[in-house]
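Okay, here's what each chain looks like letter by letter:
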Amino acid sequence: MYNQVSLLRGACGVVVNMLPCHGRDRRFESGRARKNKKTLKIIFVNIEIVNNMFDTSYSQIFDPRIDPDLLIGRLEKKSQRKKLFNITEELVTISKRAQIGEVISWEKLFKAINAIDHLHIILKTTLGSFFIRIAYGDERANYFYSEQLVYELLEKNGVQENPIIFTEFRSNEKAYDFQVMKCLEGTDLETSYKEEQSNEILSQLAHSFKTLHSLGGNGFGFLDIAEAKLGHLFGTLPSWHDHLFANYRAHLDYCSKLNLFPEDIIKKLQKLPSKSEKFCKVVTPQLLHGDILDANIMWNGTKLTMIDMSFVRLGDPLFDLAHYALYYDQERINRLLKFYGVNIQDNLQIWDTYTLRLLVWKVVLRHMINSQAALEKAILHVTDLSMKTDAI
């Protein structure tokens, strides 16, 4: 599904064991987290660890406190076999089950955060090239069920083609699930955005947004997996506000203990959940992408396709727009909003609330992965906006 270039652009040797949490660790939001999961921990891993997860060899891990066998053991533990899988043998099995031809060659790809739970592979067979996702984390099926449902709904509503060819949830038979997708034409917008095509790109993006946002469900936040299996859009929480500020206090504590913000800014930010209750009341939950930016949008020169639906949730469409706005200049965002048909000035307190919430999360993330330039930019943005906005 992903273009090879767009995946390699995000390659790094970082694995977040527990991110407190914009997204992937659903256990926090659902209240099922164990107490010892509240500790922030980041592990720096040689990329070859991930590349060899299914093989008998592995490279030295950078953090000497972590035994590589513990990581590889996660895969072993879920398998009835004692030894690790050979990746080539498994790809042959996957190709046969998905009926996508005989294996010619393959290349492993690595995608930034939480990739310890996933392998991404470009597979070439006698029938063409395919994108393979192999998931073996504790909640490995969650992303597949959610994304499969959303892609089906988008295709049904004429937004874009469903790239998923085959998905298999393997239960206890094997230690992983897998998904086969088409390799889409083009490259991500981060690579291919051109000003001369910007009106067409932003017009299509606004249309894709509006159609996605027109799909409603019940409840708020990340999708209930049991309901997603049945083809239903149900959120795990009773209110949008609950989802929006899940783990917000932990984020602020993190920033405070590390002196990332002055004390007066922390005090202002602490008021955000209570103040926003008055105007962040979403009655109708609508489907959101949740992680929209140019790296998650494919463009082939004429047609746009949204990818990576791992963060889909039910909530307020302005959240998606505010997320996208964090990354690009105001002129581009103004044009997108005009195509979408929304006036931010009519919803400024809500917009500022979403922006601050997202920025606090970004500050934590940027600090954890030691992205100094992006961290400083996010801190300045939070400080400036917190002094100007009426949201706090």
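In the block above lies the structure referred to throughout.
Attention in this report is confined to the structure presented alongside it. The structure presented is a predicted model; accordingly, all values stated were derived computationally and were not measured. (Residues numbered from 1 in each chain as written. Predicted model: local features only at pLDDT ≥ 70, side-chain atom pairs only at ≥ 80, totals over all residues. Heavy atoms only, no water.)

Across its full length, the protein chain holds 17 helices and 14 strands. Put simply, 69% of the contacts in the protein chain that link residues at least 6 apart link residues at least 24 apart. Total accessible area on the protein chain is roughly 17600 Å²; 49% of this is exposed by carbon and sulfur atoms. (Helix = DSSP H or I, 4+ residues; strand = E, 2+ residues; numbered from the N terminus. Contact = heavy atoms within 4.5 Å. Areas by Shrake-Rupley, 256 points an atom, 1.4 Å probe, with all protein chains shown as cover.)

This paragraph deals with the pairing of strand β9 (residues 220–223). Examined bridge by bridge, β9 and strand β10 (residues 235–237) share two bridges and lie antiparallel to one another. Within β10, the position partnered with Leu 223 by the bridge is Gly 235. (Pairing = 2+ DSSP bridges.)

This next bit is on the sheet that holds strand β11 (residues 286–288). Strand order in the open sheet formed by four strands is β10-β9-β14-β11, and the pairing between neighbours is antiparallel. Edge strands, defined here as strands with exactly one partner in the open sheet, are β10 and β11. Each strand of the sheet is rotated relative to its neighbour by a mean of 40°, with strand direction disregarded. Helix-sheet contacts for helix α14 (residues 317–325) involve β11 and β14 (313–315), and the interaxial angle to β11 is about 20°. (Axes fitted to C-alpha atoms, helices over the stretch in contact; angles between N-to-C directions.)

Here Cys 255 shows up in helix α11 (residues 248–257). The class for Cys 255 is buried, based on a relative accessible area of 0%. Spatially, the C-alpha atom of Cys 255 lies 9.8 Å from that of Trp 361, the residues being 106 residues apart in sequence. (Buried < 20%, exposed > 50% of the residue type's maximum accessible area, 1.4 Å probe, protein only.)

What follows concerns the packing of aromatic side chains. A complete count under the given rule lists seven aromatic pairs for this structure. Relative to Phe 319, the ring of Trp 240 has its centre 5.5 Å away and its plane inclined at 85°; by these criteria the two rings are edge-to-face. Of this pair, Trp 240 sits in helix α10 (residues 240–244) while Phe 319 sits in helix α14, and the two are 79 residues apart along the sequence. Pair check on accessibility: Trp 240 and Phe 319 agree, each one buried. Ring plane angle 45° and centroid distance 4.6 Å describe the contact between Tyr 324 and Tyr 328, whose orientation is recorded as tilted. Look at Tyr 324 and you get buried, because its relative accessible area is 0%. Residue Tyr 328 is classed as buried on the basis of its relative accessible area of 19%. Following the ring pairs from residue to residue traces out a cluster consisting of Trp 240, Phe 319 and Tyr 354. For the cation-ring pair, Arg 332 lies above Tyr 328, with the distance from its terminal atom to the ring centre recorded as 4.2 Å. Sitting over the ring of Tyr 327, Lys 362 keeps its end group 4.4 Å from the ring centre. (Phe/Tyr/Trp six-rings, centres within 6.5 Å; stacked < 30°, edge-to-face > 60°. Lys NZ or Arg CZ within 6 Å of the ring centre and 35° of its normal.)

Turning to the pattern of salt bridges, a few remarks are in order. Opposite charge on two side chains lets them pair, provided their charged atoms get close. Counted according to the given criterion, the structure contains eight salt bridges. Glu 331 is the salt-bridge partner of Arg 335, the closest N and O atoms lying 2.9 Å from each other. On the criterion of helical spacing, the pair formed by Arg 335 and Glu 331 is a turn pair, its members being four residues apart in helix α15 (residues 330–340). For Arg 335, a relative accessible area of 15% translates into the label buried. Residues joined by salt bridges that share partners form a network here, namely Glu 195, Glu 331 and Arg 335. (Salt bridge = Lys/Arg side-chain N within 4 Å of Asp/Glu carboxyl O.)

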